[in-house]
Amino acid sequence: MSRIGVFVCHCGTNIAGTVDVEAVADAARQMPNVAYAGTNKYMCSAQGQDYIVDIIKEHNLDRVVIASCSPRMHERLFRKVLAEKTDLNPYLLEVANIREQCSWVHKDKQIGTPKAINLVAMAVAKADCDTQLFTHEIPVTKRALIIGGGIAGIQAALDIADAGFPVTIVERKTTIGGKMPMLDKTFPTLDCSACISTPKMSECEAHPLIEIKTLSEVEKVEGYIGNFDVTIREKAKYIDYDKCTGCGMCETKCPQKKIPSEFNQGMSTRTAVYKPFPQAVPSKPTIDADHCRMLTEGKCGVCAKVCPTGAIDYQDVDRVTTERYGAIVLATGYELIDWTRLYGEYGGGRYADVISGLQFERLVNASGPTEGHILRPSDGTEPKTMVIVKCVGSRDPHKGVPYCSRACCMYGAKHAHQFMDKVPGGKCFVFYMDVRTPGKNYDEFYMNTLHEGARYIRGRISKITRRSDGKLVCLGEDTLSGNVVEVDADMVVLETAMVPPEGAKKLAQTVNTQLGPEGFFTEAHPKLRPVETNTGGLYLAGTAQGPKDIPDTVAQAGAAAAKVIGLLCKQSIESNPMVAHVDDSKCSGCGACVDICPYSAVTLVEKTLRENSRKVTRTVAQVNEGLCQGCGACTVACRPGASDLLGFNDEGIMREVEAYATR
Amino acid sequence: MPRDNEQTGEFTPKILAFCCNWCTYAGADLAGLNRMNYPADVKVLRVPCSGRVNPQYVLKALQSGCDGVLVCGCHPGDCHYSTGNYYAKRRMMIFKRMVEFAGLSPERFQIRWISGSEAGKFRDTVVEVSEQIRALGPMENDAPSRAAIDAVAGTVASPEADEELFAAAKEAI
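Note that the coordinates shown come from a computational prediction; the quantities given were computed from them, not determined experimentally.

About the thresholds
Residues numbered from 1 in each chain as written. Chains lettered and ligands numbered in written order. Predicted model: local features only at pLDDT ≥ 70, side-chain atom pairs only at ≥ 80, totals over all residues. Heavy atoms only, no water. Phe/Tyr/Trp six-rings, centres within 6.5 Å; stacked < 30°, edge-to-face > 60°. Helix = DSSP H or I, 4+ residues; strand = E, 2+ residues; numbered from the N terminus. Lys NZ or Arg CZ within 6 Å of the ring centre and 35° of its normal. Buried < 20%, exposed > 50% of the residue type's maximum accessible area, 1.4 Å probe, protein only. Arc of directions from axis to C-beta. Contact = heavy atoms within 4.5 Å. Domains from an automatic or database assignment. Buried area = accessible area lost by both parts, 1.4 Å probe. Nonpolar A, V, L, I, M, F, W, Y, C, P; charged D, E, K, R; others polar. Pairing = 2+ DSSP bridges. Axes fitted to C-alpha atoms, helices over the stretch in contact; angles between N-to-C directions. 1 Å grid on protein atoms, 1.4 Å probe; cavity = no way out; pocket = protein on both sides within 12 Å on 5 of 7 lines; lining within 4 Å. Points joined across faces, edges and corners; volume = space filled by probe spheres on them. Salt bridge = Lys/Arg side-chain N within 4 Å of Asp/Glu carboxyl O.

Peer 1: Looking at this structure, I do not really get the packing of aromatic side chains. What am I missing?
Peer 2: Residue and element names in this part refer to chain A. One pass over the full model with this rule turns up 12 aromatic pairs over all chains. Considering the side-chain rings of Tyr432 and Tyr456, the 5.7 Å spacing of their centres and the 55° angle between planes classify their relative orientation as tilted. Of this pair, Tyr432 sits in strand S22 (residues 427-432) while Tyr456 sits in strand S23 (residues 455-458), placing them 24 residues apart in sequence. Three or more aromatic residues link up through ring pairs in this structure, and these residues are Phe7, Tyr36 and Tyr51. Positioned above the aromatic ring of Phe648, the side-chain terminus of Lys126 is 4.0 Å from the ring centre.

Here it is in structure tokens:
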């Protein structure tokens, strides 16, 4: 016979507004095994916690039910209260969710109160079956893995490594750096993007605790917080980096020179053996196997002949390694939406002078294909009239994505500024839906662009056609005046939406975490746990979590690094005690649980058991509590019913079902 | 709790939803956060994973007074425990056929996949299932099948039956 205390929270009026909390407490007093029931304005506050602690002692309670917000919100907090301030085992606690799943979804007490009573009755029934659970210590591997080597990954890596922990960056391209080195200037300060990002790249390369794996992808992740076994495939580079000095001789002699450069957004060409840009890290070239004549046709071999150190190795193969890490940071970044596929009305990619914002960045950049001169890709002349179209793909649920990409308003203003700065007398028209410039010095920057003469027109471009004289006729509407607007432009820049990178879904499955509906990784809590995921030891940095600009990305990367450092500083962490447990006396050793376990946490072992005063040696299942994640799949598969899940035991759930069904 | 609304005499169904902690339970929380409104007929029972739902629980619910049962988990491929929802799907599909064979209306036992971000889908599901069960009326309407359900329950081991068998076996040894 247990002595259960039921604590009903008002949560101000959040709960008390639609649930008669006193009536719930009254009803709880009538429930079996309930020794005390009471209410408090805010159960999670210091006073609320003290109230729980005092009542537990005063009434000698041995189980606690808290009827409050979702257990996903404060279950941990209440467990901590029990563990630190009472003699009760923290797992003798149940939370009845009467806020998110009751008071917030119903409008009056007539409906809310009986439902809350039902939910409390279920929790009381389950609490009666709760048992004491004990955690044990799991060692923490003091190394971190960063997936993605953009500015988010670089910042997180540097912060973690500077704290003294080894870091590995896995990058799938040939260099780290991501999109930032491609940009020309960054808003709102207009400092040179490459000048602030490439030093960080070389800092990573030079850091004794940072290992960089380029052309690499994570294939498999096993294990759990503190101990992830990660399998990484490092693709063949066909160059021995130990021998290569990065002299660049191979690049100058490579006969395959017509490959579109990814770094310059297809506006210039590169060779088959290449370094994407001079400051690339690692500062050594790679052979592009799809275009190399030696690797595709078996003849050429020029680079091998000219290489002074004999570093070229056409027989190079992928290297697959498995290593253990304590924490993983996902910094996989974004891609730009493929507007050519979606926006036929903007030419669908048929007009060379309709370019994306990232292409404009390369055009205006001194190291870009035009050495910083804004020239039309079609004929190399300087455009006199430029049209910028914002929200291409963003905020367009029909064709693109429903969300706002956050950075485009600002870099759109920056593009307008740069155009007017570099083309004297140039006219710039910006078609916009709304101008959103929250951020330090952001609105000032936008206002400045306006004062410089950029013409902002509220409305979308409905069609772009190319006239025989090469002008791009942009037809749109000024929704503020209601007039149809037609602009004869020399060049059009589309500020396109940020979308999750290809492979994000596969990676989410590999690392075992969730994606939101738009395909970005989901944080554990949008406000209070913004860089953590629901999977322990897995953190988010940058645009992997959602569109954001560079300052926010860097800030979030630092926050993720702080979380990782916090974890790696610990000698050990507490295990999750809610794991499967096998009753040896019932286990028949059939092994159904072994086959079903996704973590290989169950094994069959020979055990000597005492059964009816006799010693018997039998094969029984044994759960490795470190590996078990507590999903409970094995418990259902168990034929003799020997396997049960601690914290969610069969009896508890059955009683919970019964409490609701018979009430 | 009264089965019929005292004022209107309207039937209020009892529906139990087993929701996995990582997806559907989070989706239900999000529905609350967004202040979505839905009928109170459905109560959520939290389980770590849809793969934790033993068909016994569903039987217990249907036997002891629920008018409908929902099992909800992450979308295929998105399970927090990688494969739990696949097991749940296979188990529940077979079990559903058994329940239907016993003569119960198929709407009384349903399986749905709702992610942590699909608050709207959670609300829509609750509304839809609640309407379906209201249309079917109380479990007693499927009365002839009640005996069949008990028979089905008899074929699935329950912890109590296990204990009894175990005790008997112990005795025999």
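Peer 1: Looking at this model, I keep getting lost on helix H14 (residues 442-452) of chain A. Mind explaining?
Peer 2: Think of an α-helix as turning once every 3.6 residues; residues three or four places apart then point the same way. Residue and element names in this part refer to chain A. Within H14, the full set of buried residues consists of Tyr442, Phe445, Tyr446 and Thr449. Along the long axis of H14, the arc covered by the buried residues comes to 100°, so they all point the same way. For H14, the secondary structure elements touched by its buried residues are helix H13 (408-422), S23 and helix H16 (550-568).

Peer 1: Help me out: how do you make sense of the domain arrangement of chain A in this one?
Peer 2: The figure often quoted for interface size is the accessible area lost as the parts come together. Residues and elements named next belong to chain A. Domain annotation for chain A reports domain 1 (4-129), domain 2 (144-235 + 318-334 + 500-568), domain 3 (249-306), domain 4 (337-499) and domain 5 (580-646). Here the C-alpha centre of domain 4 lies 32 Å away from the C-alpha centre of domain 3. Taken residue by residue, the interface counts five residues in domain 3 and six residues in domain 4. Counting the surface lost from both domain 3 and domain 4, the interface buries some 570 Å², and carbon and sulfur atoms represent 67% of this. Broken down residue by residue, the surface that domain 3 buries against domain 4 is led by Asn264, Gln265 and Met267, which jointly contribute 84%. Residues of the side of domain 3 that touches domain 4, tallied by class, amount to two nonpolar, three polar and no charged.

Peer 1: Where do I start with the sheet that holds strand S12 (residues 227-234) of chain A in this structure?
Peer 2: The strands making up a sheet are joined through hydrogen bonds of the backbone, oriented either antiparallel or parallel. Residues and elements named next belong to chain A. Spatially, three strands are ordered S11-S12-S17 in an open sheet, and the strand pairing comes out antiparallel. This sheet does not close on itself; its edge strands, each paired only once, are strand S11 (216-224) and strand S17 (319-325). Averaged over all adjacent pairs, the angle separating strand axes in this sheet is 20°, with direction ignored. Here S12 runs beside S17; their pairing, made up of seven bridges, is antiparallel. Looking at S17, one finds that Thr231 is bridged to Thr322.

Peer 1: Teacher, can you tell me more about helix H1 (residues 21-29) of chain A here?
Peer 2: Residue and element names in this part refer to chain A. Among the residues making up H1, those that are buried are Val21, Val24, Ala25, Ala27 and Ala28. For H1, the angular spread of buried residues about the axis comes to 160°, placing them on one side. Against strand S1 (4-9), strand S2 (34-40) and helix H5 (109-129) lie the buried residues of H1.

Peer 1: Would you explain empty space enclosed by the protein in this entry?
Peer 2: If a probe the size of a water molecule is rolled over the atoms, the empty space left behind becomes visible. Summed over the entire model, instances satisfying the criterion amount to seven cavities of 30 Å³ or more. Quantified by volume, the largest cavity comes out at close to 210 Å³. Of all the secondary-structure elements, those providing two or more residues to the lining of the largest cavity are helix H3 (71-85), strand S4 (93-97) and H5 of chain A together with strand S2 (42-47) of chain B. Residue composition of the lining of the largest cavity, grouped by class: 10 nonpolar, two polar and five charged. In this structure, the second largest cavity occupies an estimated 90 Å³ of space. Residue lining of the second largest cavity: 16 residues in total, with Ala580, Cys597, Cys628, Cys631 and Cys634 of chain A positioned closest to the centre. Of the residues in the lining of the second largest cavity, the class split is 13 nonpolar, three polar and no charged.

Peer 1: I'm lost on the pattern of salt bridges in this one. Help?
Peer 2: When charged atoms on two side chains of opposite charge get close, those side chains can pair. Within this structure, the stated rule accounts for 47 salt bridges over all chains. As a salt-bridge pair, Glu75 of chain A and Arg46 of chain B come within 3.1 Å of each other at their nearest N and O atoms. Separated into two different chains, Glu75 of chain A in helix H3 and Arg46 of chain B in strand S2 make up a pair that spans both. When its relative accessible area of 10% is taken as the criterion, Glu75 of chain A is described as buried. Overall, Arg46 of chain B belongs to the buried group, its relative accessible area being 15%.

Peer 1: Is there a simple way to think about the sheet that holds S2 of chain B in this case?
Peer 2: Here we have four strands laid out as an open sheet, ordered S2-S1-S3-S4 (chain B), and parallel in their pairing. Where the open sheet ends on each side, the last strands, each with one partner, are S2 and strand S4 (109-113) of chain B. Strand-to-strand, the axes of this sheet are offset by a mean angle of 20°, without reference to chain direction. Sheet topology note: the strand S1 (residues 15-20) of chain B/strand S3 (residues 68-73) of chain B ladder contains five bridges and is parallel. Of the residues in S3 of chain B, the one forming a bridge with Phe18 of chain B is Val71 of chain B. The strands touched by H5 of chain A are S1 and S2 of chain B; relative to S2 of chain B, the strand with the most contacts, the crossing angle is about 25°.

Peer 1: Honestly, the environment of Gly626 of chain A in this entry has me stumped. Any pointers?
Peer 2: Residue and element names in this part refer to chain A. By secondary structure assignment, the location of Gly626 is in the loop between strand S33 (614-623) and helix H18 (633-637). When the C-alpha atoms of Gly626 and Leu358 are compared, they prove to be 47 Å apart, with 268 residues separating the residues in sequence. With sequence-adjacent residues up to four places away left out, Gly626 is seen in contact with His136 and Tyr224.

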